[in-house]
Amino acid sequence: MDYTPYVAGMETLKFPSILPALTPQFLSPQPPSCCPPLAAFSSALNEESGHRSVTGGGRMEVLEEREEEEHEEEQEEEEQKDKELKPLEISDKPEDLKTKESVERVCVPSDVPDFDWSSIDTSQLPSSYKTNSPSEEKLLHVAAHFLQQYTHICPDRKPLFLHPVNECGVEKFVSTTVRPTLLPYTELYHWDGCASFVSDYLIMEPLKSPITPPSSLYSPTTILKYQRGNCFDFSVLLCSMLIGAGYDAYCVHGYATREICTLDETLEVCPLLRKTQEVPKEEIKKSNKYRIKSPPDLQSKFELQQKAKKAKKAETEAAQKDKERGEEMVMKVEKPKGDPLHGLRVHAWVLVLSGKREVPETFFINPFTGNSHSTTDEQFLGIESIWNHRNYWVNMQDCWNGCKDLVFDLSDNIRWEVMLSGSDKPHQLLPDAEEKNELPDNDMDDVPEPEDENRNLDMPPSWVDPIQISPREFETRCCQGTKVTLYKKAKLEKWAPYLNANGLVKRLTVYADAECSEVVEVKEWFTNREDMLDLREVNKRTQLTTDYFSPGHRFHLKAHTYMWLEPETENTMEFYNEARVDGLQKRVQSAMEMTEYFVGRDDFLHVRYTEFGKRGKKVHLAGMRADANARPIVQIKECFHRNPEKPADEDVAERIFLITEEMIHLTYHLKDNYLTASQKDFFKIPEGEIRGREDVMTPDMCITYQAGFSKEEKLVHLYKMLQELIEVEKQLKEQVRRSEAEVLNILKTRENEENSVKLLVSIYDTERNEKRRQEYEAMKKSREDDLLGQEGQDLDYLAPFLLQTGNTEKITKAQALRLRNDCLADLKRRLVNKANIIQARFDKAVEELQKKDEWFQENQDKLSEEEEEEFLARYSETTFLIHILSLRLRREKETAPQKYLALEEKLRKDPRFAEHLGHA
């Protein structure tokens, strides 16, 4: 066969090095070209290997000596070029790793505690951790040949992460380390819950070498036990949980930025502070056909458009310059330092493909943070390979532009080289005819037969034990129950439930500067509090505190904003109006005012405003309480919504009770097509001037303005209205005093709740619920005492027979003989009845079995496979029942005489019968 076309094709493929030289044209380091484009490579191994590879797509032919010589010449030329640029390169040699590690020490978090993985106990691990099964050995052999072919085709690419050692020092293929598991917690049924749990539960450990993958990959069970691991450990655990939850998830081996690899989030905005941008709504202009038309505009519209364009362009350029200038200033302050290892840092994360679980778009998950990222995120610089529990794929696409241009279609064997052809993804295979035409006759023996090609190697089952997380571990989450994360001008702290006495589980501190020296705002989240407090926001600049409550508070509080928990201070209380009878939604109070807002009232009231006066006045004003401590009420104002059942000029929209001025002002709703509303002003006569007459009413006491034409109201009607308003005023003053008392009660209650915080514990949590535990132990002890008492009491087996004689103190010989015969006859009757019951059940089962057998013989040809299997299952159950009944019947027949003789002996030795039956 002529290899010239193939060799010529190979000569044209130039693979850039995984370690790019920092030459002047590459002033800023670029991500590695970890994925050079090339055709899918080999599925057949060299003859000397003695085995057939089970790789999918493409093929690899044995190169002639002429090809090897040309390849060696190309390598010599590349080495000669590399020598010229050697002073500017980042070498990957062992002697140069010291420099890289010294640079990396700056990026490793200082708060990660050291842990000696060599000291862990592996003696109790199952045998699957310590040995390989035959299928695993075969898979490792295939992986070794796959890696050999890969390094031959792509000599400039990094070695693949295929079979690191586990905690027992045994090589395991990475796909078998993934153990799909669905844990019994609702939160872990979704990807964000799984990612959040993994990021909180594990402690991040940096890779020993930032530019090479680890040499070991421990099982997820061991990682969960010690709650720590590197990015590969994080990814395998998260991928196992996501696959178990039904997601199409994969572990990714690739490259990322320093901030991603070292879990440095000091330049990232905290997720709790990110605000979604609201799309501005366009205003809808309503046309009015009756409006006055404006005079025609005689100016040129084209000139106006050009002027507007120039003005807008100038304004945009100025705004852009200001924005760029501001961004430059911010970048100068917050710009991260240059990374000499940019593009070379190895990282592992999780890829979730769209499709399953209604995932609309493919995305990445950073296991360190639990955050999702787009596949075009600039922080992910390249992908070497991906794997799940079924297969292993090598990325053959160009990554010079990061992951932005990658296509995640795993069925495309040009872009993704699959290792095992027995994957659930389709793969490319060459037709048998083409194979036979291309290969010479002397190589036909090496071509697999069609039946051999179908025998694809499947991925062995995972060697990892089932992943288990106890309820206490799931609740505790963070290692030692606490975790601190630093963000850009923010700090996020997390605690396990019940770890803090006040129920605090999360705190976000926002700072004004990057050095985190000036606190701007503090947010605290609580759980399991008896006062139903969920969130507290404290503004350090205004000193305002806002508490948010869940439904169920004693006063139905929803939110409370205050500066101090003291009476007659500025505070705002929001309520769950659905739970209140009066429909109160919000109450705003200060030293001199109180405003209440209502929702859903039958009287259409929605606002009540009260103004207070100053204390200490010697003159007692009307409407003031005799109590000197009460604030005098100056006025009460109420606003009402429109009542459609009343005419507009009879439906009050606003009424003001000017208590100090002895005046009541009413304003009605506007009538249709009117510009002004009807009004009434009532003037009350002071109590000292009434002189014993209650029916005093003069025209001067009521000033009325009626919108439109209407008849004048009679004084009698106005007098009744005034009397009703006076009664309403008294009720309103009482209501205001009740509101004041409620405010004082709420403030006092909130102060007591903060001074002595009580946490709620479920009745099913017996470990924490001390009261419930004590009740359970007391009930258990009482039950045990009852059982002991019953055991202590000897039951008289002759009691039913002794009651028949009447005289139990002294028994004659005739009575003794009769009692003995009755007792033995009763035992004999019970034994016979028991045997008859078993015999009847046995006969019935045998009869059913015979009927089933006859039915099967008649309908055997008409039965389907499922019906036949169902019949056989029922037949087997009946046969088993017959066997059990026969054993019980045989046992009863054998033990019945023994029981009879034992009772007879017991009666003879009974002290009550010893005198008469001792020698019988």
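Residues numbered from 1 in each chain as written. Predicted model: local features only at pLDDT ≥ 70, side-chain atom pairs only at ≥ 80, totals over all residues. Heavy atoms only, no water.

S.K.: Is there a simple way to think about the overall build of the chain in this case?
M.R.: Looking only at helices and strands, one finds 20 helices and 25 strands in the chain. Burial statistics for the chain: of 920 residues in total, 39% are counted as buried. A separation threshold of at least 6 residues defines the contact pool for the chain, and within that pool the share at least 24 residues apart is 59%. Taken as a whole, the chain presents about 55800 Å² of accessible surface, with 51% of it coming from carbon and sulfur. (Helix = DSSP H or I, 4+ residues; strand = E, 2+ residues; numbered from the N terminus. Buried < 20%, exposed > 50% of the residue type's maximum accessible area, 1.4 Å probe, protein only. Contact = heavy atoms within 4.5 Å. Areas by Shrake-Rupley, 256 points an atom, 1.4 Å probe, with all protein chains shown as cover.)

S.K.: Explain the nonpolar core here, please?
M.R.: General note: in soluble globular proteins, nonpolar side chains tend to be found buried as a group. Residues Phe 173, Phe 232, Leu 242, Val 352, Tyr 392 and Met 419 are the most contacted members of the largest nonpolar core, which totals 66 residues. With ten residues, the single largest contributor to this core is helix α9 (residues 231–244). Discounting chain neighbours no more than four positions away, the residues touching Phe 232 are Phe 161, Leu 207, Pro 213, Pro 214, Leu 217, His 253, Val 346, Ala 348 and Trp 387. Core analysis: the next-biggest nonpolar cluster, separate from the first, contains 38 residues, Phe 640, Ile 659, Val 736 and Val 743 among them. (Core = buried A, V, L, I, M, F, W, Y, C linked by side-chain atoms within 4.5 Å.)

S.K.: Whenever I open this one, unusual backbone geometry confuses me. Can you help?
M.R.: For Asn 528, which is not a glycine, the phi torsion comes out positive at approximately 60°. Its location among the elements puts Asn 528 in the loop between β13 (519–526) and β14 (533–539).

S.K.: Looking at this structure, how should I read the sheet that holds strand β4 (residues 346–352)?
M.R.: Backbone hydrogen bonds are what pair the strands of a sheet, in a parallel or an antiparallel way. An order of β6-β5-β4-β3-β7-β8-β9 is seen for the seven strands of this open sheet, with the pairing classed as antiparallel. Of all the strands in the sheet, the pair left with one neighbour each is β6 (371–374) and β9 (416–418). Each strand axis lies, on average, 35° off the axis of its neighbour in the sheet, ignoring direction. Pairing analysis gives three bridges linking strand β7 (residues 380–387) to strand β8 (residues 392–395), with the strands arranged antiparallel. When the sheet's bridge partners are listed, Ile 386 is paired in β8 with Trp 393. (Pairing = 2+ DSSP bridges. Axes fitted to C-alpha atoms, helices over the stretch in contact; angles between N-to-C directions.)

S.K.: Which parts of the structure should I look at to understand helix α5 (residues 134–153)?
M.R.: For an α-helix, the turn length of 3.6 residues means that residues three or four places apart are oriented alike. Taking 1.5 Å of rise per residue, the 20 residues of α5 would be expected to cover 28 Å, and the 29 Å separating its terminal C-alpha atoms lies within 8% of that figure. All of the buried residues along α5 are Glu 136, Leu 139, Leu 140, Val 142, Ala 143, His 145, Phe 146, Gln 149, Tyr 150 and Ile 153. (Expected span 1.5 Å × (residues − 1).)

S.K.: Please explain the packing of helix α7 (residues 191–201) against α9 as it appears in this structure.
M.R.: The relative placement of two packed helices comes down to the angle between their axes together with the axis-to-axis distance. As a packed pair, α7 and α9 sit with axes 10 Å apart at the nearest point and diverge in direction by 150°. Our classification of the angle between α7 and α9 gives roughly antiparallel. For the crossing formed where α7 meets α9, the hand is right-handed. From α7, Trp 191, Cys 194, Ala 195, Phe 197, Val 198 and Ser 199 reach across to α9, where they touch Phe 234, Leu 237, Leu 238, Met 241 and Leu 242. (Parallel < 35°, antiparallel > 145°, perpendicular 65-115°, else oblique. Left-handed = near helix turned anticlockwise from the far one by under 90°.)

S.K.: Even after reading the chapter, I still don't get a nonpolar patch on the surface, so can you show me in this structure?
M.R.: Taken together, the side chains of Leu 544, Met 563 and Trp 564 present a nonpolar region at the surface, about 270 Å² in accessible area. Mapped onto the elements, Met 563 comes out in the loop between β16 (557–562) and β17 (571–575). (Patch = residues over 30% accessible without salt bridge, like charges linked within 9 Å, V, L, I, M, F, W, Y side chains within 5 Å. Salt bridge = Lys/Arg side-chain N within 4 Å of Asp/Glu carboxyl O.)

S.K.: What is the right way to read a negative patch on the surface from this model?
M.R.: Together, Glu 865, Glu 866, Glu 867, Glu 868 and Glu 869 line one region of the surface with negative charge. Mapped onto the secondary structure, Glu 866 falls in helix α19 (residues 865–909). (Lys, Arg positive; Asp, Glu negative; His and termini not counted. Charge placed at Lys NZ, Arg CZ, Asp CG, Glu CD.)

S.K.: Looking at this structure, I do not really get the side chain of Thr 569. What am I missing?
M.R.: Checked against the element boundaries, Thr 569 lands in the loop between β16 and β17. In contact with Thr 569, other than residues within four places in its own chain, are Trp 564, Gln 589 and Ser 590.

S.K.: Could you clarify how one ought to interpret the packing of helix α18 (residues 813–859) against α19 in this entry?
M.R.: Close contact between α18 and α19 brings their axes to 9 Å; oriented N to C, the two are set at 165°. One finds that α18 runs roughly antiparallel with respect to α19. Taken as a pair, α18 and α19 cross one another with a handedness that is left-handed. Broken down by class, the residue content of the contact of α18 with α19 amounts to 22 nonpolar, four polar and twelve charged. (Nonpolar A, V, L, I, M, F, W, Y, C, P; charged D, E, K, R; others polar.)

S.K.: Just checking my understanding: could you explain the packing of aromatic side chains for this structure?
M.R.: Here a ring pair, both rings aromatic, is described through the centre-centre distance and the interplanar angle of the planes. Summed over the entire model, instances satisfying the criterion amount to 21 aromatic pairs. For the ring pair Trp 349 and Phe 364, a centre distance of 5.6 Å and an interplane angle of 65° mean the geometry is edge-to-face. Of this pair, Trp 349 sits in strand β4 while Phe 364 is found in strand β5 (residues 363–366), placing the two residues 15 residues apart along the sequence. Since its relative accessible area comes to 0%, Trp 349 is described here as buried. Among the residues examined, Phe 364 registers a relative accessible area of 0% and is labelled buried. On the numbers, 4.8 Å between centres and 55° between planes, the contact of Trp 349 with Phe 380 is tilted. With Trp 349 in strand β4 and Phe 380 in strand β7, this residue pair connects regions lying 31 residues apart in the sequence. For the pair Trp 349 and Phe 380, a shared accessibility class is recorded, and that class is buried. Three or more aromatic residues joined by ring pairs form one cluster here, namely Phe 161, Phe 173, Phe 232, Trp 387 and Tyr 392. Lys 671 extends its terminal NZ or CZ atom over the ring of Tyr 674, reaching a point 4.6 Å from the ring centre. (Phe/Tyr/Trp six-rings, centres within 6.5 Å; stacked < 30°, edge-to-face > 60°. Lys NZ or Arg CZ within 6 Å of the ring centre and 35° of its normal.)

S.K.: Where do I start with the pattern of salt bridges in this structure?
M.R.: Scanning the model with the defined rule gives 46 salt bridges in all. For the salt bridge of Glu 524 with Arg 507, the shortest nitrogen-to-oxygen distance reads 3.1 Å. One end of the pair, Glu 524, is in strand β13; the other, Arg 507, is in strand β12 (residues 504–511), with 17 residues separating them in the sequence. With its nearest N and O atoms 3.5 Å apart, the salt bridge here joins Arg 750 to Asp 531.

S.K.: Can you walk me through the environment of Ala 845 in this structure?
M.R.: With respect to the helices and strands, Ala 845 occurs in helix α18. Each C-alpha atom, one on Ala 845 and one on His 883, is 9.9 Å from the other, the two residues being 38 residues apart in sequence. Setting aside residues up to four positions removed in sequence, Ala 845 forms contacts with Thr 878, Leu 881, Ile 882 and Leu 885.

S.K.: So what exactly am I meant to see when it comes to the pairing of β14 here?
M.R.: Two faces belong to every sheet, and in a regular strand the side chains alternate between them. Most of β14 is tucked away, with five of its seven residues classed as buried. Pairing of β13 with β14 involves five bridges; the strand directions are antiparallel. Across the sheet, Glu 524 pairs through a bridge with Arg 536, a residue of β14. Taken together, β13 and the strand that follows it, β14, pair antiparallel across an intervening segment of six residues, in which Asn 528 is found at a positive phi of about 60°.

S.K.: Can you help me understand a positive patch on the surface in this one?
M.R.: Taken together, the side chains of Arg 841, Arg 888, Arg 891 and Lys 899 present a region of like positive charge at the surface. Considering each element in turn, the positive patch owes the most residues, three residues, to α19. The topology assignment puts Lys 899 in helix α19.

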